[in-house]
Structures are given as C-alpha cells and as structure tokens.
Protein chains: 2
Amino acid sequence: MTAMETIPNLLAQRAYLTPNRVAFIFEDQEVTFLELYEQAQIVAEQLTTLGVKKEDHVGVLLRNHIDMVFILFGIQLLGSIAVFLNNRLTTSEIEWQIKDSNTILLVTEEKYEPIFSGLTGPIMLKHELFKQKRTAIIVPEEISLNSICSIMYTSGTTGTPKGVLQTYGNHWWSATGAALNLGIYDTDRWICAVPLFHISGFSILMRSIIYGMTVILHEGFDEEKVLKEIIHNRASIISVVSTMLIRLLDKMNAPLPSTFRCALAGGGPLSKHLLEECVKKNVPVYQTYGMTETASQVVTLSPEDSLAKLGSAGKPLFPVQLKIKNGQDTEAKPLESGEIFIKGPNVTIGYLNRPSVTNEKIQSGWLSTGDIGYLDKDGFLFVQDRRSDLIISGGENIYPAEIEGILQSHEQVLEAGVIGIEDLEWGQVPVAIVVKKAGTSLTREQLIDFSLGKLAKYKVPKKIVFIDELPRNAAKKLVRHKLKSWWKETQTLG
Amino acid sequence: MTAMETIPNLLAQRAYLTPNRVAFIFEDQEVTFLELYEQAQIVAEQLTTLGVKKEDHVGVLLRNHIDMVFILFGIQLLGSIAVFLNNRLTTSEIEWQIKDSNTILLVTEEKYEPIFSGLTGPIMLKHELFKQKRTAIIVPEEISLNSICSIMYTSGTTGTPKGVLQTYGNHWWSATGAALNLGIYDTDRWICAVPLFHISGFSILMRSIIYGMTVILHEGFDEEKVLKEIIHNRASIISVVSTMLIRLLDKMNAPLPSTFRCALAGGGPLSKHLLEECVKKNVPVYQTYGMTETASQVVTLSPEDSLAKLGSAGKPLFPVQLKIKNGQDTEAKPLESGEIFIKGPNVTIGYLNRPSVTNEKIQSGWLSTGDIGYLDKDGFLFVQDRRSDLIISGGENIYPAEIEGILQSHEQVLEAGVIGIEDLEWGQVPVAIVVKKAGTSLTREQLIDFSLGKLAKYKVPKKIVFIDELPRNAAKKLVRHKLKSWWKETQTLG
C-alpha cells in the first residue's frame, strides 16, 4: 500500500485528537470519543476471545442502540468486516446472506429471536458478548483505505441480493465529500434516526469519528423526540426520507431554531408542496441521490436551488463525476435521457464473490446505476426512473425481481410482475400482477400467506391482482412500464 | 491509476458546482469560480501557443496578484507543473533553480527585471503572455492524485536547494485535513497576505477551489488593510507569521468582530505575552507546524489549548501520523526528546531528481523532518529545535549551510558558521562567525558586499564576527549550538 492509501486508525486517531468531545448521545447516555474507543476496544478483545480475527466476516443483526455502535467499532478495531443485516428480513433471507458472505459469527439480540432461532450458524447475543473474557490485542496504528470495512446487501434488477464491498476509503471520501458540500461547524450535532444497518445510518457513524462530531442516536424515527432534540438540544442536522419529513412538518407549531441547519432527504425528489412547507417552516432541505454502492449520497440539491430546480437531485459532491449515457459509447447531451453513471473514490470496489457482475457494473471506475435520468443545461441531474423498477417504500429499497421470484416459486403461479404504486404514507408500496397456471384455484390470501415467511413484511405485496397474460417485449422481457400504465387505468376505473 | 486515485479536474469541477460564488477578491476586483475557470483556460491556451505541454515545468516569478492566480490555474488546466520561484532570491539563485528543475519557460513581470535580466533561459512577461493567441485545448475531465502539481525549493541541512514535488493528492489531503480541524463555514473568507510562492500562500489557493471558498488576496501584508477586511468585509480567517500578528495586534483598538474565527500562525510557537494579547483582543489563534514537504500545516494547536499547552505546536491533523524517534529504531516515550517524523497522504513523494536524498529522508512513508521535539503525556507536540539550525526570519526559511557555502567560496575565508539570533522585528536574523585565512586582510564590509549578489537580501548575515577557530566535534562537524552559546556570552559581554 502506498503512502497515499494509508491513514491513521480512524477511531484511535479521533480518541487521541479530541478525547473529551461527546461522540454519541443515546437516550440519557453521553459517550466521549475516548470512552467510545475504550468500549470498542473491549468488544474487540471479547470478539478475539471468541476466535474472531482480522478480515473475518461478522454478521450484525441489531437495532439502533449505543451497544450497536460499540460493536461496530469493535469490529473495526479488530480489522474484521461487519456484514450488515437488515433487521426486517425473514430468517430465510438472513440465512442466505450469512451463507453467501461466509459470516463466521452473528451478533444479535433477544428482540430478534423470531428471526435468528431458525438460523444454523454460530450466534452470540450482545449481552452474552459483553460478558466474555478479554484477550488483549494491539490496535493497528494505521489502516489502508483499500481494506474492506463493511458489507451491505442490495438486490438490483436481478433479484438476487449481492454483498456490496465498502472500503474505508469509500467511507472516508463519502464523509469528506459531504463535508465539502454541507460544511463542518463545530456546533454540529447530527440526529441519526435512520437504521444503522443502512448506508444512510452507518455513514453518519463514520462521519462522527472523521469529523469529530456529536451524533444523537435514536432507536427509530419518532417525530416528537426529533423535534425535542432540535428545539431543546441544538441538533443541527438530520437524515430523513420524505415520509419522515412529512411527519416532522406535521408536528411543528413554530419555525425551527436557527441552530438547525440541514435536513438531508434521500429516497427520491420531494413535491413542490412539501418544499414550500419546508421554506415556510424554516427547514433547509438538501435532497440527495445515492445508493449502497456509492457509500451514501453522491448528488445533492441545496435549499437555495430546490424550488428553481424542482424535481432535480442536484449536482455531484466534489470528488464525484456524473455521466449520462444513451448508447454503449455515446454520452447524452443536456436534456437527453440515458442511464446514469457515477465515478469517484466513494464508489464500491465491487460485489462480494461476484467478479462478473462487478466487471459488468463497474467499468474503468464508472458505476452503471441502472437509473435513468438527464442533466439540464446547468448540469443539474434529474432522475426519471430509479433502476427502472426500484420501489422505495419508507426508505427501504424493494426490488420487484426478488418478489417476483418468490411468487413464481409457488406451484400454482405461472408468472408474476411486481410494480410500485404511490402511497401517501410510505411513498410507494409493492403490488403484484399474477398469472395463475391453468385450472388452479389459488387465492390472493393464499399467495400472501405463502410470501409472508419468505419475504420481509415491507416487501410483501399490498395488493395482488390476477391477470391472463403479462406484457412482454420481443425478447420476452417483462415490460414493467406497460404494467404500470395498465395498473393505473384498471385501478382507476375499478 | 486506480479509481481511488482519480478525482474530477479540481477547477473545472468547482466552476461546474458553484459557478457564481466569489472565488477571489483582489483590490476592487471580484472573480467568480466560473470567471476564474475561463481566465485560467485562456492562459492555458496562450501557454499552448508558446509550446508548453502537459508535464512541462513552467517557472513562476511573480508577486501576489489576481494575474498570478490566473497563471497558476492556467498551468494546472494544462497539466503542466508550476515551479515556484521566491521573488526575493538573487539572479544566480533563480538561475540555479531553473536549471535544476529543467524549467522550459519562466513567466515573470517587469518588477523583477533586476532579477530576470541576467537569466539565460526563455522568459515571458505576464502582460506579453496575456496578448498571445489562443490555441484550443481540451481540459482533462479528471486528474490523478499522484500527478505532480507544483515544485517548491527548500534547502535543508545540506545547503543545496532541493525541489519538493507536491502532488495534487498532497494538496487535496492537506486541504481536507485542515478542514476537519478548522471546520468549513459557508461564510468563510480567507485573507491571503502571505506569498503565493510559499506553501503557506499556495495552500490557500488550493483550499479556495476545493472548499469553494472566497479568498481575499493581498499583494503583501499591511496590517491596516487586513484589519479593514476583517472589520468591514467579514474576512474570517488569515494566515500569518508571528511578526504579522504582533503588527496586527498593535493596530487594533477594539476586539475583532465575531465573524473573524481564526488566525493561523506558522513559524514557531508564540510567546505567552502574545497569546494573552490575543485572548484579550478576541483573536482566536491556531498555532501550526508544517513545512514545504508536508504541503503546509500538519500539526496545530487550538485556541482553547494555547495557554494550557504554552509552547506546544499541538496535535496532528486527522490524516497525519506523528512519531518521535530517539534512535535508529526506537520510539521515544512521552517527554523524551528525539527527531520528529511525519507520515500522511500530504507528505511529498520526494525531491526532484534526487532519489538518494528522497530515500534517505522518506522511509516507509515516514518523513524525517530533522526537527527535534517531544510529545507530552496528552500527545501534544513540543518542537524544541527546528532542523537544528533552521533560521526563520519574517516567515522565510534560512538554511545556515547555504550561507556558509557562499561565505566559504570567498578566497580569503577559511571557514564560516552561521546561526540565527533573536530579533524583535523578524523573530530571527542570521549572523556569521568567520575564520579568515592566515595573513589575509578581509573586512566585514567586503564579505557582505561579496554576499549581496549571491544571496537574497534576507539571507545576508546581519552581523559578521571574526574568530580564530570554529567549534567542531570529533567528526569535525560544526557544532552550531556551541557557536550559539559562544555568541550569547561574547555578545552580551561585548
């Protein structure tokens, strides 16, 4: 590794530079960077007792809690790699990811017994972990930006989840790129009320130690608690998805104090009505576009542009390049649509154990996002279609192909198409259009029951409609946008 | 080059992201980032007409002026490399650096005719450059962090100037490392009243485009003008050396407005008296330690620690590691003195055309600074002796060996030793202790006259004393600290 790829061990350096600064506030507990380092070191030593070594994969199935922070940084101090497991998945989904990632130990907690009780590999409950003996370790003084820090699963158009490899460099460049856009104020306190197992949450954790910034951690999103932090505890930034923002605005009686400087909103552009509400109530909103493969936001729209560039995702972060391609080798002109490509030091080095998908998706450093969009004449990005068929429901990504695969595994189903439809509460929800095998008697309820054990609840179709034939193109590929227009027509009529 | 070593072309990206933000204020002129980009592109196209190509070395002998900014960024857009020439050097010093660096063209201005008229290589006056025809170029969309951006000469203990290679990555990591320490506020305006040919000035230029921050450029340091910028034009940061700070405090009648947030002070620790003055007058001072080889500051002391840790240089920037070695392979314990070593992605890749010096000074990424110091129990650095014999006079580095070499080249001089003595105005000034050859009649005045053509004025000894023999150790190496104590005794008595 060259000198430019080596930096000090992040948490150790932060504890050295600003030991007494508050790193995390969780409920009534305040933890300084030195305390965080000490706690993480204890966890690292306890994991060592359990046989975990450098570069081992450690599964993490936990809820947002200060314990989860200690465990995640403990894994980092050891040089092992955290495999983030979405705690809303089913047992079989988790089992698959654990196997695929070669995870040697799963750290979880009692709350998730319904999920982990059916798993086959080694499991350690966090309160048991914290009782382990410690085996002394020497924390490495430096890390390579090319080493892998974390693995998060994402499905994409194929329907099979793939483990995205996130290096320390990916997180570093994401954090510094975001800082160059949003600024760094010594009064900053970032509310993390999004899941830590998502890149939206984990990236806040990484920013905390890189910036030396206080993070206020919430177990989940509660608009009243969030408002309290902003009004009484000088919280200055929060990461949200649009449903959270709507709930927040709903509860506000007065404009926010001037100490609040930024709501970072992911998951698709906000409506004009919502943006106008934000202006009225003094909520500066930065809309963002990003994905697990880019270690969080890569394109953002500043509050001053949000109404003039309504519907835009904004401009890239400083270290990021953006390109629209409307052919194999042709770049689109302004206002021409095409596929969005992204390049930058925050882009993943690839997918775990999937060299061919990696080579296909990342060429000469350019990540093919699968999303469709265009740049306007000022270079603002407009995302028209997320990965053609990606459904974003309350901040969770849902890939139709994955649900279709499950539905089609039912013996009475011939074929199935899944699309996202608009929903006031969740933004979007998945619905399924299903073709039964001839002469079978399958009911909607049976099919939903069948899905429930196999799919996380938020992925189970909210509605199922039976149909005679699905629209397919010449290559027999499902044409989802036709399915969408068909849905709109029939459901409006019916 | 790997994806993590590639980022967008800095100035082109900045002009795309924030075209209308003010980049530079110089006298009555305001230049936005888009205008800066356009002007730099014109210069790049004019240099192309003159035959300058990618990776060519272009000498720059200019005073602080918006024109210099255009020229420096024009060189960058072309992918050529700026060789920074200190405009206080003599013709022969400059001639040497131009030859050593293989500079193909010197860009200068009429003011420096006394210097450049004696030079042998191709010269272009800036107002002539600006009249050249333009040859269209395509600005590269991206740059490698490993490419060389700039070359600055420094002498070190050997006395022979060496060209320090500074990559884009060095400047990038320096800028982001500084940001993580000082923060980035969207109201920031940085006064640059230090020379742009020094790393202290040039690093402000690079921060401007990386942060998207306004820089207020001054031709030189004038305390009244600086105060005006702070009080009336919301300037928030200034880089200074201690003499400037003293002059600034002297002129202040009232505490500075709260918009002013930082004086970044290089060139050795400040006195207790000066720090107390700063506290009284609301001037938050960040003391810094750094060098050309580290692309500016690497260790800083925050205002809140400055009195408790009086005399300390502070703690490293986040990406920087610090080590004190008191033996070939032994690291010093806290409070033990030794040589200061620095590692980080901002450390130079080496010296131009000097692989053996590079290998000697940088091992496994660790730069041997030649400076002596220790860490206290909290990890704060105390610099005890800068490169043993480095003299810092009004912010300029003076290397005794270089002056000794010139003095010894006089036919009547047997040997000479140069040391720095304290000076109220300049911090330090050089004085020489000289042994004449037997039977010669050399006078002090003759020796000073002899030096004037060969050494920049600030390097010419302020005093010359003749002596019979210089203190040398067993290896016949000059023992400068003995010379210093001898000086103190005799000069106090005398």
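Because the structure is a prediction, the values reported are computed rather than measured.

Comments concerning the interface of chain B and chain A
At step 1: Listed as interface residues are 45 residues of chain B and, on the opposing side, 46 residues of chain A.
At step 2: Buried surface at the junction of chain B and chain A, summed over both partners, amounts to about 3,900 Å²; 62% is from carbon and sulfur atoms.
At step 3: The largest share of the area that chain B buries against chain A comes from Met4(B), Leu180(B) and Phe318(B), three residues that together contribute 22% of it.
At step 4: One can count two salt bridges joining chain B with chain A.
At step 5: A salt bridge links Glu142(A) to Lys343(B); the nearest nitrogen and oxygen atoms lie 3.1 Å apart.
At step 6: In this assembly, chain B and chain A are joined by 19 residue pairs in polar contact (both at pLDDT 80 or more).
At step 7: The biggest single contributor to the side of chain B that touches chain A is helix H7 (residues 168–182) of chain B, with seven residues.
At step 8: Broken down by class, the residue content of the side of chain B that touches chain A amounts to 25 nonpolar, 12 polar and eight charged.

Quick notes on the relation of the copies chain B and chain A
At step 1: Least-squares fitting of chain B to chain A yields an RMSD of 0.1 Å, with the transformation described by 0.0 Å of translation along the axis and a rotation of 180°. The symmetry that links the two subunits is that of a two-fold axis. The C-alpha atom lying nearest the rotation axis in chain B is that of Ile184(B); the distance is 2.4 Å.

Looking at empty space enclosed by the protein
All names here are of chain B.
At step 1: Scanning the entire structure with this criterion turns up seven cavities of 30 Å³ or more.
At step 2: Here the second largest cavity defines a volume of roughly 50 Å³.
At step 3: Breaking the lining of the second largest cavity down by element, the ones donating at least two residues are helix H1 (10–17) and helix H3 (66–77).
At step 4: Examining the composition of the lining of the second largest cavity, we find that three residues originate from one element, H3, more than from any other.
At step 5: Across the lining of the second largest cavity, the residue classes break down as six nonpolar, two polar and no charged.

Examining the packing of helix H7 (residues 168–182) of chain A against H7(B)
At step 1: At their nearest, the axes of H7(A) and H7(B) sit 11 Å apart, and the two run at 70° to each other. Compared by their axis directions, H7(A) and H7(B) come out roughly perpendicular. Taken as a pair, H7(A) and H7(B) cross one another with a handedness that is left-handed. Here Trp172(A), Trp173(A), Thr176(A) and Leu180(A) of H7(A) come into contact with H7(B), specifically with Trp172(B), Trp173(B), Thr176(B) and Leu180(B).
At step 2: Partitioned by chemical class, the residues of the contact of H7(A) with H7(B) number six nonpolar, two polar and no charged.

Here we look at the domain arrangement of chain A
By a widespread convention, an interface's size corresponds to the accessible area lost as its parts come together.
Residues and elements named next belong to chain A.
At step 1: Annotation of chain A at the domain level lists domain 1 (6–384) and domain 2 (391–493).
At step 2: If you average the C-alpha positions of domain 1 and of domain 2, the two centres end up 29 Å apart.
At step 3: Listed as interface residues are 17 residues of domain 1 and, on the opposing side, 18 residues of domain 2.
At step 4: Of the roughly 1,300 Å² buried between domain 1 and domain 2 on both sides combined, carbon and sulfur atoms contribute 51%.
At step 5: Contact with domain 2 buries area across many residues of domain 1, yet Arg88, Glu93 and Thr243 alone supply 35% of it, more than any other trio.
At step 6: The tally of links from domain 1 across to domain 2 stands at two salt bridges.
At step 7: Residue Glu93 is joined to Lys459 by a salt bridge in which the shortest nitrogen-to-oxygen separation is 2.7 Å.
At step 8: Our enumeration of links across domain 1 and domain 2 arrives at seven residue pairs in polar contact (both at pLDDT 80 or more).
At step 9: By residue class, the composition of the side of domain 1 that touches domain 2 is three nonpolar, 12 polar and two charged.

Definitions and limits used
- Residues numbered from 1 in each chain as written.
- Chains lettered and ligands numbered in written order.
- Predicted model: local features only at pLDDT ≥ 70, side-chain atom pairs only at ≥ 80, totals over all residues.
- Heavy atoms only, no water.
- Contact = heavy atoms within 4.5 Å.
- Buried area = accessible area lost by both parts, 1.4 Å probe.
- Salt bridge = Lys/Arg side-chain N within 4 Å of Asp/Glu carboxyl O.
- Polar contact = N/O pair within 3.5 Å; in protein donor to acceptor, adjacent residues only side chain to side chain.
- Helix = DSSP H or I, 4+ residues; strand = E, 2+ residues; numbered from the N terminus.
- Nonpolar A, V, L, I, M, F, W, Y, C, P; charged D, E, K, R; others polar.
- Least-squares fit on C-alpha atoms with pLDDT ≥ 70 in both.
- 1 Å grid on protein atoms, 1.4 Å probe; cavity = no way out; pocket = protein on both sides within 12 Å on 5 of 7 lines; lining within 4 Å.
- Points joined across faces, edges and corners; volume = space filled by probe spheres on them.
- Axes fitted to C-alpha atoms, helices over the stretch in contact; angles between N-to-C directions.
- Parallel < 35°, antiparallel > 145°, perpendicular 65-115°, else oblique.
- Left-handed = near helix turned anticlockwise from the far one by under 90°.
- Domains from an automatic or database assignment.

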